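Below, each chain spelled out in residue letters.
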Amino acid sequence: MFEKSIQAYEDAKKVIPGGVDSPVRAFGGVIGTPPFIARGEGSFMYDIDGNKYLDFVQSWGPLIFGHCDKDIENSVLETVKNGLSFGAPTELETQLSNEIVEMFDNIDKVRFVSSGTEAVMSAIRLARGVTGKNDIVKFEGNYHGHSDSLLVAAGSGMATFGAPSSPGVPADLTKHTLLSEYNNIAQLEKCFAESSDIACIIIEPIAGNMGLVPASEDFLAKCRELCDASGALLIFDEVMSGFRASLKGAQGIVSTIPDIVTFGKVIGAGMPVGAFASRAEIMSQLSPEGKIYQAGTLSGNPVAMAAGLTSLKKLKADKDIYDRLNAKAVRLTTGLQEVATKHNIPLQVDTRGSMFGFFFCEDVPTNMKEVGKCDFPRFAKFHNEMLKRGFYFACSQYEAGFICDTMTDGDIDATIKAADEVMANLI
Ligand SMILES: *Cc1c(COP(=O)(O)O)cnc(C)c1O
């Protein structure tokens, strides 16, 4: 059933490293090779062999209205007719910025970039520039894009100066990155005890890059407290959770207020957009108002802005959308847990708005080390069997899943029915 995709993958591997432009797409942690996608429609994707999938990945988050939403499509098509890019200001940028500024009390100004990686990288520079300090605190299992100083991941679990997790990243560039376990207050305190040069804490307040693992309220409050006591800034990386977990992202759910917020994914509705934002006195230190340099030829691209603007307006106008999305996420995860229990398979589930996660393990994981103890071979088998039945889940247990607005209760129930069948044979 995957013949054409298998051939396409072979062809791609000859001219693209690993056949993919982003490593997770290569199905490294699961069985088989990636389906090559021909097109999407609503909640579904079709591959080049003609297989149809219910899509729980949605381009890794951006497509909260599903594939080919007519309003977004039309705004893109209209904007394209005026030209693809000008390298000069357009009103669309101000309009999208206004939508965001109106939504958040702690945001006065927004700067647009072209990816989440770029947004976080720039936010870190801003925090360092504003505070005049060098160190950053990051948490194991939180992903903030692939820029050098943030490519420091799981170490021994000790709060320590980070070692780079990729060749090509000089240790000199990561020596300012302090690592702490997620949801571990003692380790976080140790970072601040060891360094008086901390510019910022960067955190996914609802982590979605080690599966779905929310930070506890206490932990976030401690982040705020340590930043305030030391003059560091608190950055919420909401590239995934922004406009996903709720209209205000994590900020609509937790009570801690960050200094700087980064956005991506949903903010571009499938087009390449990232953004970072803060209050005026911080943002005004950015070039050309201030001295901290940051730039981009295609930043604020009009076509991408049009997609994001239409998407945010739709999200704002639809007061029930997040309740609707969460009800479906809960329907899915409770359903999965019920069939797992029926087949004596331990499964932990959670949701935040339209985000969901499930782990094959005995206890709810709260950090990267605990996620690592999940049953990965079992996940790989589950993934493969669901894919063969037309259900497209993220190809790694380290990824969150997403509900889109076009998904119906019937779609969810069909998923649970298939999972029941699959789990009956999942050893
Ligand atoms: C996806 C993601 C990024 C990176 O965004 P890209 O657009 O892939 O560069 C950064 N932070 C978080 C939390 C993400 O989920």
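Residues numbered from 1 in each chain as written. Predicted model: local features only at pLDDT ≥ 70, side-chain atom pairs only at ≥ 80, totals over all residues. Heavy atoms only, no water.

Novice: Tell me what's going on with the overall build of the chain, and back it up with residues and numbers.
Specialist: Looking only at helices and strands, the chain features 13 helices and 17 strands. Referenced to the eigenvectors of the C-alpha coordinate spread, the extents of the chain come out at roughly 55 × 55 × 45 Å. Buried positions account for 56% of the 427 residues belonging to the chain. Counting only contacts in the chain whose residues sit at least 6 apart along the sequence, the fraction spanning at least 24 positions is 71%. Charge separation in the chain, taken as the distance between the mean sites of 39 positive and 54 negative side-chain charges, equals 2 Å. (Helix = DSSP H or I, 4+ residues; strand = E, 2+ residues; numbered from the N terminus. Buried < 20%, exposed > 50% of the residue type's maximum accessible area, 1.4 Å probe, protein only. Contact = heavy atoms within 4.5 Å. Lys, Arg positive; Asp, Glu negative; His and termini not counted. Charge placed at Lys NZ, Arg CZ, Asp CG, Glu CD.)

Novice: Which residues make up the side chain of N106, and what values go with them?
Specialist: Mapped onto the elements, N106 comes out in the loop between α3 (91–103) and β4 (109–113). Classification of N106 by relative accessible area gives buried; the value is 14%. At 3.1 Å, the side chain of N106 forms a polar contact with the side chain of Q251. Among the polar contacts listed, one links the side chain of N106 to the backbone oxygen of P258, at a separation of 3.2 Å. Those residues within four positions of N106 in sequence are excluded, and the remaining contacts are Q251, I257, P258, V261, S278 and R279. (Polar contact = N/O pair within 3.5 Å; in protein donor to acceptor, adjacent residues only side chain to side chain.)

Novice: For the nonpolar core, give the residues involved together with the corresponding values.
Specialist: Membership of the largest hydrophobic core comes to 71 residues, with the highest contact counts inside it found for F56, I100, F243, F263, F382 and M423. Shared between two domains, this core takes at least three residues from each, and those domains are domain 1 (3–68 + 319–423) and domain 2 (70–317). When neighbours within four sequence positions are excluded, F263 is seen to be in contact with I100, F104, I107, G116, A119, E238, V239, G242, F243, G274, A275 and A277. By size, the runner-up hydrophobic cluster in this structure holds 28 residues, among which are C191, V213, L220 and F359. (Core = buried A, V, L, I, M, F, W, Y, C linked by side-chain atoms within 4.5 Å. Domains from an automatic or database assignment.)

Novice: Got a sec to walk through the pattern of salt bridges? Specific residues and values, please.
Specialist: With the rule as written, the count across this model stands at 26 salt bridges. With a shortest N-O distance of 2.9 Å, D259 and R224 are connected by a salt bridge. Of the two residues, D259 is situated in the loop between β11 (233–237) and β12 (260–263) and R224 in helix α7 (residues 217–230); the sequence distance between them amounts to 35 residues. Side by side, D259 and R224 carry an identical accessibility label, which is buried. (Salt bridge = Lys/Arg side-chain N within 4 Å of Asp/Glu carboxyl O.)

Novice: Could you give an account of the packing of helix α6 (residues 185–194) against α7, naming the residues involved and the relevant values?
Specialist: Close contact between α6 and α7 brings their axes to 10 Å; oriented N to C, the two are set at 10°. Compared by their axis directions, α6 and α7 come out roughly parallel. Every residue of α7 that contacts α6 at I185, L188, E189 and F192 is listed here: D218, F219, K222, C223, L226, C227 and S230. Taken together, the residues of the contact of α6 with α7 sort by class into 7 nonpolar, 1 polar and 3 charged. (Axes fitted to C-alpha atoms, helices over the stretch in contact; angles between N-to-C directions. Parallel < 35°, antiparallel > 145°, perpendicular 65-115°, else oblique. Nonpolar A, V, L, I, M, F, W, Y, C, P; charged D, E, K, R; others polar.)

Novice: Tell me about the sheet that holds strand β17 (residues 401–402), residues and numbers included.
Specialist: Across the sheet, which stays open at both edges, the 3 strands sit in the order β14-β15-β17 with antiparallel pairing between neighbours. Because the sheet does not close on itself, it has two edges, and the strands there are β14 (348–352) and β17. (Pairing = 2+ DSSP bridges.)

Novice: Run through the sheet that holds strand β16 (residues 391–392), naming residues and quoting values.
Specialist: Taken in spatial order, the 4 strands make up an open sheet running β1-β2-β3-β16, and their pairing is mixed. This sheet does not close on itself; its edge strands, each paired only once, are β1 (37–41) and β16. Bridge count between strand β2 (residues 44–47) and strand β3 (residues 52–55): 3 bridges; the pairing is antiparallel. Opposite F44, over in β3, you have L54 as the bridge partner.

Novice: Account for the domain arrangement of the chain, naming residues and giving values.
Specialist: Its domain assignment divides the chain into domain 1 (3–68 + 319–423) and domain 2 (70–317). For domain 1 and domain 2, the distance between their C-alpha centres works out to 25 Å. With 32 residues of domain 1 at the interface, the matching set in domain 2 holds 34 residues. Approximately 2,700 Å² of surface area, both sides summed, lies buried where domain 1 meets domain 2, with 63% of it carried by carbon and sulfur atoms. Connecting domain 1 to domain 2 are 1 salt bridge. As a salt-bridge pair, E181 and K369 come within 3.4 Å of each other at their nearest N and O atoms. Our count for the domain 1 to domain 2 interface comes out at 15 residue pairs in polar contact (both at pLDDT 80 or more). Mapped by element, the contributors of at least two residues to the side of domain 1 that touches domain 2 are α10 (321–342), β14, β15 (355–359) and α11 (368–371). (Buried area = accessible area lost by both parts, 1.4 Å probe.)

Novice: Tell me about the pairing of strand β5 (residues 135–139), and name the residues and values.
Specialist: The buried fraction of β5 amounts to 5 of the 5 residues, a majority that puts the element mostly inside the structure. Across the two faces of β5 the burial is the same, with D135, V137 and F139 and I136 and K138 all buried. Note that β5 and strand β8 (residues 198–203) share 4 bridges and pair parallel. Bridge pairing links V137 to I201 in β8. Pairing of β5 with strand β7 (residues 177–180) involves 4 bridges; the strand directions are parallel. Its bridge partner being in β7, F139 is matched across the sheet by S180.

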